[in-house]
Amino acid sequence: MIQTGIVNSHKGESIKMKKLLLVFLSIMMIGVMILVSCGEPEETTQPTTQPTTQPTTTAGPVSGGILRGVITGGPLMMSYRGQMGPGDHSYMFPAVEYLVEPYVDEQGNRGWIPFLCESYAIDPVGKTFTYNLRDGIKFHDGSILDAEVVKWNIQQQIDSGWWQDADKVVSIDTPDNSTVVIHFTEYSNQYEFNWGWTAIWSKAAWEANAGADKSTTSEQGIAWAVDHVVGTGPFKLKEYKRDVSITWEKFDDYWQEGKPYLDGMEFQIITESTTASSLLQAGDIDMWNQGHSAQDWKELEEKGFLIKGYWPGLPMALWGNTMDPESKWQDIRVREALEYALDKETMAQALGLGYYVASAQIAPSTEWGYISNLPTRGYDPEKARDLLAQAGYEDGCPVTLLVQAVPASIDAGESIKGYMDAAGFNVTLDLADTGRFFGSVFGTGWDDLVMMFYGMDVNYLATYMSWFSSDPKSNLASFARPPEQVAMDKEAVLIADTQGQIEMTERLCRYLYEEARLCPLWWVPSKTVSYKYVHHEILRHGFIRVDWENVWMDPH
Amino acid sequence: MTAYIIRRLIIAVVILIIVTLIVFFVMQLLPGDPLVIFLGQQAGTGSMSQEQLEQLYIRYGLDKPLIVQYWNWISGVVKGNMGESIYYHENVGKLLLERFPVTLDLGIKSFIIYNILGIVMGMVAALRRGKWLDTFATLLSYIGVSIPVFWLGLLLIYLFGLRLDWFPIAGYTLPTEDLWKNLHQSVLPVFCLSLMGWAVIARQTRSSVLEVMSQDYVRTAWSKGLTERKVIMRHILKNSLIPVITIMGIGLGLMFGGQVFIEQVFAIPGVGRLLVGSIFAQDYQVVQSATLVIATIVILINLIVDISYGWLDPRIRYG
C-alpha cells in the first residue's frame, strides 16, 4: 500500500510536471509567434525603425556630418609598405593618396589619372618615368609634399622589397622641387600601376618617430607605422582601437578645395554579419561597407536600403594544380570536362540570388580581353563524361576541391560538387579555414583543385599581369605558366600603344580560355549597403581607389 | 597548510612547463607556416623574394631549431617579454594587456550574477522540492544548459537591440572610460554569458542541498530548535557549497577562453577573439603566451578553490 502511495504520488508529480511543461512551452510558442509577427511588416516596407530613411533630398553635395559605417577588419600595418597587404591599403584610403590613381568615368571608360602629381610621362625610348608634382599639397602634420619627399617614399618602398620592377630602376633624380624622374633599364606598360600607384607618406613624420636610425627601414619607424599614418588624404586618423573601431576626422588643409564634404567617419569593426545588419536597420550606422552576402543584399534592398556597386566585382574560378607534372589537370581534356560539367548560369542565379553574373570567359563583357565571338564551352555533362573517358577516367575522376570555409564558398563548393559528380567526377570537399586556405593558395600550393577569386584592375591587361602572368603581383602557387605564355607575357609588357595593348589582352585571354588554364565561374559583385541619404560612388574606381573626399550625406 | 600550498605551487610550475611544451609543439604540428599564412592573407607573396621571406624568418626567430625557439620564448617570458606577434606586428604582452581587462570585466560580472542567481535558485528549488518553484527552476536550468549562446546572442540583439531599442546592439567601452555606457553595453553579453553558468550552478546547488538535507547533522540542527534561517545558512548552505565551488573554479577558468562566441556576436575585443584569430593565423607567440597566462590563472584559481575546502568543511585536512 505504501509503495502504491509513493508510486501514485510520483505519478501525480509527473502529471503536474508535464502540465507545467506544456504551459511553459505554450508560453514560449506564443512568445516566438509574437516575435515573428512583430518582424513581418519590415519584410516588405521601408525600414521604419528610424526616420532617417526619409532624408531631405538636396540638389548637390552638402558639407557636414559624421558617416558611421561597419567594416570587417582593421589595418595590421598603417604606413610601412613593406608590411602592408591590399587590405591594409584599403583601410588607409581616407588618409593616404597616390601619385597616380585609377579613374572610371560615368560611361565606364577607365584608365589612370595623375593624382598627387599634376601630370606624368613615361618615355619608352628615353627610358624615363617623370612625375610633375602638384604644388601646395600638405601632409596631416603640416609638412609639404615635394620632390625629395616623393623620392624618399619611392626609395623606402624599394628598400622594403615591395616595389614591383624595382630591379629595373637605375636612378631617381629630382631636377627641381616638383619633378621626380625615374631612369629605368627596360620599358614596361605596367609602370603606371607598379610605379605610378605609389602611396605617399610624410617623410617628416617618419623621421620624427624613427629614433636615432632615420633610415627608410628603421625598426622604430616600422613599429611607429603600425598604428600611425600621416598622409595627404582628406581625413586624418583620429583614433584606432584594434578590432574595435577606426575614427577619421576631416583634414582642414586638404588640397582639393571644398572637400571632403564629411566632417568625419567612424567605422566599427564587426565580423558577424547579422550584428552588422541589425546595426544598419536600427539606424546605428549609415553604411555597411563589408562582409555582406547576396542574401543580405536581397533582404536589405527589399527593405529600401541602397545597394550600390559599380565594377563586375571579384571573378570566381576553379584552378587546377597545373604545377605538379603528375596532376590530372595537366590533361586539357580533364580541364575542358570541368567546364562542360558546370551549369554556371543556374548556379550563379541560385547562389547569387540574381546578383552574380555567370562568366563564360576570362574577362567580363565590359573589359579588354572580352572576345565577342569566342566559342564557349556550355553546360554539357555528356561531353564532360566523354572527355573524362578519353582521359582514362571512365570510372570517375577523383578530385579534392579546396574551398575556403566561409558560408558563401561552402554553398558554392557543394553546388560545384553536385554538378561535377553528376558529370563523372568524384569530388571531395576540403574546407579550409582562412589561414590554411590562403596559405595554400599563395604559399605552399594546393594539391588538386581550388575555388578562388582573381582580381579586377584598372584595365584587363593589368588584371592579367597581376594574376595570370609569369610575373604576378598575387602569385597563385599551383598555377603554372607554360613557356609559350611566358613568351607572350614578355611581349605584352613592351607594348606602349593602347590599341596594341587591347589586342594583346584579347590574345592572352583567348589563350587562357582555349587552353582551359582555369575555369571561370561567375562574378561576385562588390557592393555597399547604406541608407539612401548617403551619396557615394566609392566602388566606382575599383578596389585600389576609394574617393572618400566625394562622399556626402543629405540632412537626416 | 603552508607545506601543502608550497607543494601545490611546485606542482603548478611543473604543470605550467608541461602546458608550455604541449602548446608549443602542438602549434608546430599544425599544417602551414605562420609567415606564409600571413603573407598569403595579404595576397602578396608574389612580390616578395625568397631572400626577403628568409629575413622575416630570421626576424621572428623561426629559422632556428624548435628547441631553441622554445627556449627563446620561455626565457623571454620569464624576463617579461612575450615576443612579437607576426600577425599584428605588436608586442604580445601589449596585445594581452589590451584584451584581458575586457574579458575580465564581462567575465566577473557574469560570474557574480550567475553564481548568486544559481545558488539562490538551486537552494529554493531544493527546499521547495516537488513544488512549482522547483519545477520552474528545473525547466529554466534545462533551457540554460541547452540553449546555444551564439543563437541566444543573435536573438537578444534582434529583440532588445533592433526591435525594442533597449540596449546597444554591439560594442564595448571600458568601465574606466564610461561606466554607464559600459553597464548598458554589458547587459546583453553578460546575460548570454551568465545563462549556462547559472543553470549549471542551480542544478548542482539543488542536488547538493538535497543531499545535505538528508544528513544527520541537519536533523540534529532541526532537533535543537534552531530557526530555519540558521539551519539553512549555517548547516545546509555552507556544507552544500563544496561541489558548487569546484564548479565555480572551473567556470572562472572557462571565462577566458569561453567567451569567443559572445565576443564575436557583440563585437567585443576580448581574449577569446584574439586567441581564435591567432590560432587560425598560426600566430605562435600570441597563442603560446595567451595559453600560458590562462593556464597560470586556472592553476591559481584551482589552488584557491582547494584551499577554500578547508574553510567550508573543517573535517578536510591537508596532508
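Throughout this document, residue positions are counted from 1 along each chain, in the order its sequence is written. Working convention: letters from A go to chains and numbers from 1 go to ligands, in the order in which they are written. Per-residue local features are limited, in this predicted model, to residues with pLDDT of at least 70; the limit for side-chain atom pairs, both in listing and counting, is 80 or more; totals at the level of whole chains, interfaces and linings are taken over all residues. As a rule here, side-chain values come from all non-hydrogen atoms in the structure, and water together with hydrogens is ignored.

*Asks:* Report on the overall build of chain A, specifying residues and quantitative values.
*Replies:* Helical segments are the DSSP runs of H or I of at least four residues, strand segments are the runs of E of at least two, and each set is numbered from the N terminus. If you tally the helices and strands in chain A, you get 16 helices and 23 strands. Exposure classes here rest on a 1.4 Å probe applied to the protein chains alone. A residue is buried below 20% of its type maximum, exposed above 50%, and partly exposed in between. Buried residues in chain A amount to 54% of all 556 residues. We call two residues in contact when some of their heavy atoms are within 4.5 Å. The long-range share in chain A, meaning contacts at least 24 apart out of those at least 6 apart in sequence, stands at 70%. Surface accessibility in these figures is a Shrake-Rupley result with a 1.4 Å probe; residues are shielded only by whichever protein chains are displayed. Surface exposure of chain A reaches about 22600 Å², of which carbon and sulfur atoms provide 52%.

*Asks:* Now, about the pattern of salt bridges: what can you tell me, with residues and values included?
*Replies:* Any carboxyl oxygen of Asp or Glu that lies within 4 Å of a side-chain nitrogen of Lys or Arg is treated as forming a salt bridge with it. On inspection of all chains with the given rule, the structure shows 27 salt bridges over all chains. As a salt-bridge pair, A:Lys241 and B:Glu177 come within 3.7 Å of each other at their nearest N and O atoms. Of this pair, A:Lys241 sits in strand β10 (residues 235-241) while B:Glu177 is found in the loop between α7 (149-163) and α8 (179-213), placing the two residues in two different chains. Put simply, A:Lys328 and A:Asp448 hold a salt bridge, and the shortest N to O gap is 2.9 Å. Of this pair, A:Lys328 sits in the loop between β15 (314-320) and α9 (332-341) while A:Asp448 sits in the loop between α13 (434-444) and β19 (449-453), and the two are 120 residues apart along the sequence. Across the pair, exposure class does not vary: A:Lys328 and A:Asp448 are buried alike. One network of salt bridges, in which partners are shared, links A:Arg242, B:Glu90, B:Lys94 and B:Glu98.

*Asks:* Any chance you could break down the packing of helix α1 (residues 2-29) of chain B against helix α13 (residues 284-312) of chain B for me, citing the residues and the numbers?
*Replies:* Residues and elements named next belong to chain B. Throughout, an axis means a line fitted to C-alpha atoms (over the contacting stretch in the case of helices), and angles, computed between N-to-C directions, take values from 0 to 180 degrees. At their nearest, the axes of α1 and α13 sit 9 Å apart, and the two run at 155 degrees to each other. Taken together, the axes of α1 and α13 lie roughly antiparallel to each other. Of the two elements, α1 crosses α13, and the hand of that crossing is right-handed. Under the scheme applied, nonpolar residues are Ala, Val, Leu, Ile, Met, Phe, Trp, Tyr, Cys and Pro; charged residues are Asp, Glu, Lys and Arg; polar residues are all the others, including Gly. Here the residues of the contact of α1 with α13 are counted per class, giving 17 nonpolar, six polar and two charged. By definition in this entry, angles of less than 35 degrees are roughly parallel, angles greater than 145 are roughly antiparallel, angles of 65 to 115 are roughly perpendicular, and the rest are oblique. By convention, the crossing between two helices is left-handed when the near helix turns anticlockwise from the far helix through less than a right angle, and right-handed when the turn is clockwise.

*Asks:* So, the nonpolar core: which residues are in play, and what are the values?
*Replies:* All names here are of chain A. We define the nonpolar core as a collection of buried residues of types Ala, Val, Leu, Ile, Met, Phe, Trp, Tyr and Cys that are connected through side-chain atoms lying within 4.5 Å of one another. Core analysis: the largest hydrophobic core is formed by 168 residues, its most contacted members being Tyr131, Leu318, Ile416, Phe425 and Trp548. Among residues more than four places away in sequence, those in contact with Trp548 are Leu67, Phe93, Pro94, Phe235, Met265, Phe267, Met287, Asn289 and Ile538. If you look at the next biggest cluster of nonpolar residues, it comprises 38 residues, including Val104, Leu402, Ala492 and Leu518.

*Asks:* Describe the sheet that holds strand β12 (residues 264-269) of chain A, naming the residues involved and giving the relevant values.
*Replies:* Residue and element names in this part refer to chain A. Taking strand neighbours across the sheet as the criterion, the seven strands line up as β10-β11-β12-β1-β13-β21-β14 in an open arrangement whose pairing is mixed. Strands with a single pairing partner mark the edges of an open sheet, and in this sheet they are β10 and β14 (306-308). Strand pairing follows a simple DSSP-based rule, namely that at least 2 bridges must link the two strands. Examined bridge by bridge, strand β1 (residues 66-71) and β12 share six bridges and lie parallel to one another. For Ile66, the partnering residue across the bridge sits in β12 and is Gly264.

*Asks:* Please set out the sheet that holds β15(A) residue by residue, giving values where relevant.
*Replies:* Residues and elements named next belong to chain A. Read across the sheet, six strands follow the order β16-β20-β15-β19-β17-β18 without closing on themselves; strand pairing throughout is mixed. Every interior strand has two partners, whereas the edge strands, β16 (357-358) and β18 (425-432), have only one. Bridge count for strand β17 (residues 397-404) against β18 is eight bridges, and the pairing is parallel. Looking at β18, one finds that Leu402 is bridged to Asp430.

*Asks:* Explain the environment of B:Val231 residue by residue, including any values.
*Replies:* All names here are of chain B. Considering the arrangement of structural elements, one finds Val231 in helix α10 (residues 228-257). On the basis of relative accessible area, Val231 is assigned to the buried category, the value being 0%. Separated by 90 residues in the primary sequence, Val231 and Ser141 have C-alpha atoms spaced 26 Å apart. Excluding its chain neighbours within four sequence positions, the residues that come into contact with Val231 are Val218, Ala221, Trp222, Leu226 and Ile236.

*Asks:* Would you mind going over the domain arrangement of chain B in detail, with residue names and values included?
*Replies:* All names here are of chain B. Boundary definitions for the domains trace back to an automatic or database domain assignment. Looking at chain B, the domain boundaries give domain 1 (2-78) and domain 2 (93-317). Contacts between the two partners involve 22 residues from domain 1, matched on the other side by 17 residues from domain 2. Accessible area that two parts lose when put together, with a 1.4 Å probe and added across both, is what the buried area reports. Looking only at domain 1, the three residues that lose the most surface to domain 2 are Leu16, Met27 and Trp73, adding up to 31% of its buried area. If you look at where domain 1 meets domain 2, you find one salt bridge. Ionic pairing is found between Asp306 and Arg8, a salt bridge with its closest N-O pair at 2.2 Å. Polar contact criterion, stated in full: a pair of N or O atoms within 3.5 Å, where within protein one must be able to donate a hydrogen and the other to accept it, and residues adjacent in sequence count only if both atoms are side-chain atoms. At the boundary of domain 1 with domain 2, the tally comes to two residue pairs in polar contact (both at pLDDT 80 or more). Of all the secondary-structure elements, those providing two or more residues to the side of domain 1 that touches domain 2 are α1, α2 (34-41) and α4 (66-78). In terms of residue count, α1 provides more of the side of domain 1 that touches domain 2 than any other element does, 13 residues in total. For the side of domain 1 that touches domain 2, the per-class residue count stands at 17 nonpolar, three polar and two charged.

*Asks:* Please provide a residue-by-residue account of the pairing of strand β3 (residues 100-104) of chain A, values included.
*Replies:* Residues and elements named next belong to chain A. Of all the five residues making up β3, four are buried; the element is thus mostly covered by neighbouring parts of the structure. In this sheet, strand β4 (residues 110-114) lies alongside β3 in antiparallel orientation, the contact comprising five bridges. When the bridges of β4 are listed, Pro102 appears paired with Trp112.

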